[in-house]
Every structure is written in C-alpha cells, then in structure tokens.
Amino acid sequence: MVLKRIDWTWFSLKFAAHVLALFPVSLLVYQALNNQLGADPVAELTRGTGEWALRLLLLSLAMTPLRLILKKSWPIRFRRLIGLYAFFYACLHFSVYLFLDLGSYWSQIGADIIKRPFITVGFTAWLLLIPLAVTSNQWMMRKLKKNWLKLHKLVYVIGILGVVHYYWLVKSDVREPLMYAGILLLLFGIRFWYRVKASKQLRKV
C-alpha cells in the first residue's frame, strides 16, 4: 500500500489557521465561564460572534484579490476553510440570539424578522450562507459544475447584507461598520480592476 506523502508545510499552515479561527470563540467561552463578559453577557456574546462572522467573511472574500495581487495560488487554498468558519460564527451568532436572547419566547423570532430590519437583513444573510456551506466540498463542485460558481457568487450579496446588518444594529457609533464597508468596497474594487485589466489584455490578443 502506497501512503500519500504529507505536505507538512501546508499541514502546519492549515493547523495554524484552525487554531487562529477558533481562538475568538475559545476566548468568549473562557470569559463567559469566568463572568468576564460585563453587565450584559448575552449582548457581548451576540456582538462577539457576529463581528467575527463578518470579519472572517471579509477575510474569505480577500483571498481572491490577494491571489491576484501576489500572483500566487496559496490564498485560494484557505478560502474554503475561512468561509466555513465564517458560517460557524454566523451560526453561533444566530444561536445566541435565538436561545439566550429570546429565551423561551422563540415565537418572537418571526415578529422580529418582520418588524426589525437589521434582523431581517442578518437572517437573510445567514440563510444564504447555508447553501454555500453545504456545497463547499469537492463532490458538490463536481456535481454542480458551472452552477457552483453561480451559486457561490451569493457571497458578494452576503457580504453587503452583513455590513448593512451591522450598520443598522449599532445605530449610533457607526465607525466600525463603515470600516468594514470600506474594506468590502476595496475588495470589490480590486476584483473589478483586475477583471477590466484582463478583458483589455484579451482584446489586444
């Protein structure tokens, strides 16, 4: 039996990525267990998980621009991993809201989704993340073929919804959501610039 040779560099980098991605939730759990989340621990858990979901989503979107700038393929190898962790934190964010914030009043979620725009937008973003997470494996890529790329373009919409959700949530101090909006626009701009550049090069051929 021939054993597949392990790429220890890639294995080490991937392991480090898992550790870094799990660090925020580990810190939140530690703080919760030691009563270090302040006067409103549920609000702190909601904020923390939501912010990390958005950060990791933007980081996953940054992998393609990074590949284009560096002209290296390695950022793409991290895109799926980071995207799945973004979904993981989004699920934690929604779970904290559903089980801890609403408590036993789960029937209120329908009313919140309808009456509170920031929840409507956030819930929509979470729903759209589900098919992306389910189809993120190689088997689904082969099964869906060109439709896989079309489906995963939803991540752009999700990024916009995530920023809008955060902006409407904070209400007063909007500096941080505006910073994320700026990062998202920059990532879109880099992609657009390279696409225009590639089309011009094709016309010259």
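Scroll up to find the structure.
Calculation rules
- Residues numbered from 1 in each chain as written.
- Predicted model: local features only at pLDDT ≥ 70, side-chain atom pairs only at ≥ 80, totals over all residues.
- Heavy atoms only, no water.
- Helix = DSSP H or I, 4+ residues; strand = E, 2+ residues; numbered from the N terminus.
- Buried < 20%, exposed > 50% of the residue type's maximum accessible area, 1.4 Å probe, protein only.
- Contact = heavy atoms within 4.5 Å.
- Areas by Shrake-Rupley, 256 points an atom, 1.4 Å probe, with all protein chains shown as cover.
- Lys, Arg positive; Asp, Glu negative; His and termini not counted.
- Charge placed at Lys NZ, Arg CZ, Asp CG, Glu CD.
- Phe/Tyr/Trp six-rings, centres within 6.5 Å; stacked < 30°, edge-to-face > 60°.
- Lys NZ or Arg CZ within 6 Å of the ring centre and 35° of its normal.
- 1 Å grid on protein atoms, 1.4 Å probe; cavity = no way out; pocket = protein on both sides within 12 Å on 5 of 7 lines; lining within 4 Å.
- Points joined across faces, edges and corners; volume = space filled by probe spheres on them.
- Nonpolar A, V, L, I, M, F, W, Y, C, P; charged D, E, K, R; others polar.
- Axes fitted to C-alpha atoms, helices over the stretch in contact; angles between N-to-C directions.
- Parallel < 35°, antiparallel > 145°, perpendicular 65-115°, else oblique.
- Left-handed = near helix turned anticlockwise from the far one by under 90°.
- Expected span 1.5 Å × (residues − 1).
- Bend = angle between axes of the 7 residues up to and from the residue.

**So, the overall build of the protein**
A tally of helices and strands in the protein yields 9 helices and 0 strands. Counting helices and strands in the order they occur from the N terminus, the protein gives α-α-α-α-α-α-α-α-α. Taking the principal axes of the C-alpha coordinates as reference, the protein spans close to 60 × 50 × 35 Å. Sorting the 205 residues of the protein into buried and exposed places 35% on the buried side. Long-range contacts, defined as pairs at least 24 residues apart, comprise 62% of the intrachain contacts of the protein with a sequence gap of at least 6. Accessible surface, the protein: about 13,800 Å² in total, of which carbon and sulfur atoms supply 68%. In the protein, which carries 27 positive and 8 negative side-chain charges, the distance between the mean positions of the two groups comes to 24 Å.

**A look at the packing of aromatic side chains**
Enumeration over the complete set of coordinates arrives at 11 aromatic pairs. Seen from their ring centres, Phe 94 and Trp 126 are 4.5 Å apart, and the 20 degrees between their planes marks the pair as stacked. Highlighted residues: Phe 94 in helix α3 (residues 74-101) and Trp 126 in helix α5 (residues 117-134), separated in sequence by 32 residues. Taking relative accessible area as the criterion, Phe 94 reaches 17% and is therefore assigned buried. Pairing Trp 193 with Tyr 194 gives two aromatic rings, centres 5.0 Å apart and planes at 85 degrees, and the pair type is edge-to-face. One residue, Arg 55, lies across the ring of Trp 52, its end atom 4.8 Å from the ring centre. Sitting above the plane of the Trp 10 ring, Arg 77 keeps its charged end 4.0 Å from the centroid.

**Remarks on the layout of surface pockets**
Left-over empty space is what a probe sized like a water molecule reveals as it rolls over the atoms. Each pocket or cavity is described by its volume, and for the largest pocket that value is around 1,000 Å³. Lining the largest pocket are 32 residues, with Thr 64, Arg 79, Arg 80, Trp 148 and His 152 positioned closest to its centre. Contributing elements (two or more residues each) for the lining of the largest pocket: α1 (8-33), α2 (41-70), α3, α5, α6 (138-144), α7 (146-152), α8 (154-170) and α9 (175-204). Here the element with the most residues in the lining of the largest pocket is α3; it accounts for 8 residues. Broken down by class, the residue content of the lining of the largest pocket amounts to 17 nonpolar, 7 polar and 8 charged. Each pocket or cavity is described by its volume, and for the second largest pocket that value is around 760 Å³. Residue contributions to the lining of the second largest pocket peak at 9 residues, all from α2. Residue composition of the lining of the second largest pocket, grouped by class: 23 nonpolar, 6 polar and 4 charged.

**Observations regarding the packing of α1 against α3**
Relative placement of two packed helices is described by the angle separating their axes and the distance separating the axes. Remark: α1 packs on α3, axes separated minimally by 11 Å, with the N-to-C direction vectors making an angle of 20 degrees. Taken together, the axis directions place α1 and α3 in an arrangement best described as roughly parallel. Relative to α3, α1 is oriented so that their crossing is right-handed. Contacts between α1 and α3 pair Trp 10, Leu 13, Lys 14, Ala 17, His 18, Ala 21, Leu 22, Pro 24 and Val 25 from the former with Arg 77, Phe 78, Leu 81, Tyr 85, Phe 88, Tyr 89 and Leu 92 from the latter. Split into classes, the residues belonging to the contact of α1 with α3 amount to 13 nonpolar, 1 polar and 2 charged.

**Points about α2**
In this model, α2 (30 residues) spans 41 Å end to end at C-alpha, consistent with the 44 Å of a helix rising 1.5 Å per residue. Along its length, α2 reaches its greatest deviation from straightness, about 30 degrees, at Met 63, and the proline Pro 65 lies no more than four positions downstream. Once α2 finishes, Lys 71 follows within two positions and takes phi at roughly 60 degrees, a positive value.

**Focus on the packing of α2 against α8**
Between α2 and α8, the least distance of the axes is 10 Å, while the angle of their chain directions is 145 degrees. Viewed along their axes, α2 and α8 form a crossing whose handedness is left-handed. Here Glu 51, Leu 54, Leu 57 and Leu 61 of α2 lie close against α8, whose contacting residues are Val 155, Tyr 156, Ile 158, Gly 159, Gly 162, Val 163 and Tyr 166. Of the residues assigned to the contact of α2 with α8, the class counts are 8 nonpolar, 2 polar and 1 charged.

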